[in-house]
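Inside the fold
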Amino acid sequence: VQLQACGGGLVQAGDSLRLSCANSGRTFSSYAMAWFRQAPGKEREAVAAITWSGGMTYYADSVKGRFTISRDNAKNTVYLQMNSLKPEDTAVYYCAADKSYVGLAPKRYDYWGQGTLVTVSS
């Protein structure tokens, strides 16, 4: 499993941004996927997770109603649509995959992509 995240950038508060994470593996649909983020000086925290089929999603309270996780198994890609961005959303965002766990606990995920930086200016 090789994960490649992209889509980060510098935006203003209130703007939207969509992150993508492509999985080069051939069994993408077998993996639950998730997004995490880590701000400078802070621990990595969960953002959102989605089941293998995309039928269920999970969100951290801090992003509920603003962020949406989705996946396209035909394209081996998971997305994070981020709306109404706030300066406190500034962080490096990571995607993760796991074959047997779906949820918001980072230690349970076996595969990680490199991060993509999101900076939200006020």
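Located above this text is the structure these notes cover.
Scope of this entry: the structure provided in the associated data block. In every chain, residue numbers begin from 1 and rise along the written sequence. With the structure being a predicted model, the display of local features is reserved for residues of pLDDT at least 70 and the display and counting of side-chain atom pairs for 80 or more, all residues being used for whole-chain, interface and lining totals. Each side-chain value is worked out from all heavy atoms of the structure, with water and hydrogens disregarded.

Working definition: helices are DSSP H or I runs of at least four residues, strands are E runs of at least two. Numbering for both runs from the N terminus. The number of helices and strands found in the protein chain is 0 helices and 11 strands. Its helices and strands in sequence order give the protein chain the pattern β-β-β-β-β-β-β-β-β-β-β, from N to C terminus. A compact globule built from 122 residues should have a C-alpha radius of gyration of about 14 Å, and the protein chain, at 13 Å, falls within 12% of that. Taken along the three principal axes of its C-alpha coordinates, the protein chain extends 40 × 25 × 25 Å. Throughout, exposure labels follow a simple rule: accessible area from a 1.4 Å probe, protein chains only, divided by the maximum for the residue type, with under 20% read as buried, over 50% as exposed, and the rest as partly exposed. Burial status across the protein chain gives 44% buried among its 122 residues. In the protein chain, of all internal contacts separated by at least 6 residues, the share reaching a separation of at least 24 is 58%. Both definitions apply: the radius of gyration is a C-alpha atom measure, and the globule rule equals 2.2 Å times residues to the power 0.38. Contacts were defined at the residue level, with two residues in contact if any of their heavy atoms lie within 4.5 Å.

Before going further, it helps to spend a moment on the environment of Pro 106. Here Pro 106 lies in the loop between β9 (91-98) and β10 (111-112). Given the relative accessible area of 26%, Pro 106 is considered partly exposed. Between the C-alpha atom of Pro 106 and that of Glu 88, which follows or precedes it by 18 residues, the distance is 20 Å. Setting aside chain neighbours within four positions, we find Pro 106 in contact with Phe 36 and Trp 112.

This paragraph deals with the nonpolar core. Definition of nonpolar core: a set of buried residues of the types Ala, Val, Leu, Ile, Met, Phe, Trp, Tyr and Cys, connected through side-chain atoms within 4.5 Å. Membership of the largest hydrophobic core comes to 29 residues, with the highest contact counts inside it found for Met 33, Trp 35, Leu 80, Met 82 and Tyr 93. Elements supplying a minimum of two residues to this core: β1 (3-6), β3 (17-23), β4 (32-38), β5 (45-50), β7 (67-72), β8 (77-82), β9 and β11 (116-121). Top contributing element to this core by residue count: β9, with 4 residues. Judged by nonpolar contacts, the second largest core, of 9 residues, contains Ala 34, Ala 46, Tyr 101 and Val 102.

A few words on the state of the cysteines. Only a pair of cysteine sulfur atoms within 2.5 Å qualifies as a disulfide here. For the structure on display, the rule yields 1 disulfide. For Cys 21, the disulfide goes to Cys 95, at an S-S distance of 2.0 Å. Negative torsions about the S-S bond denote left-handed disulfides, and the value of about 55° found for Cys 21 with Cys 95 makes this one right-handed. Of this pair, Cys 21 sits in strand β3 while Cys 95 sits in strand β9, and the two are 74 residues apart along the sequence.

We now examine unusual backbone geometry. Of note, the phi angle at Asn 76 is positive, near 55°, even though the residue is not glycine. In this fold, Asn 76 is placed in the loop between β7 and β8.

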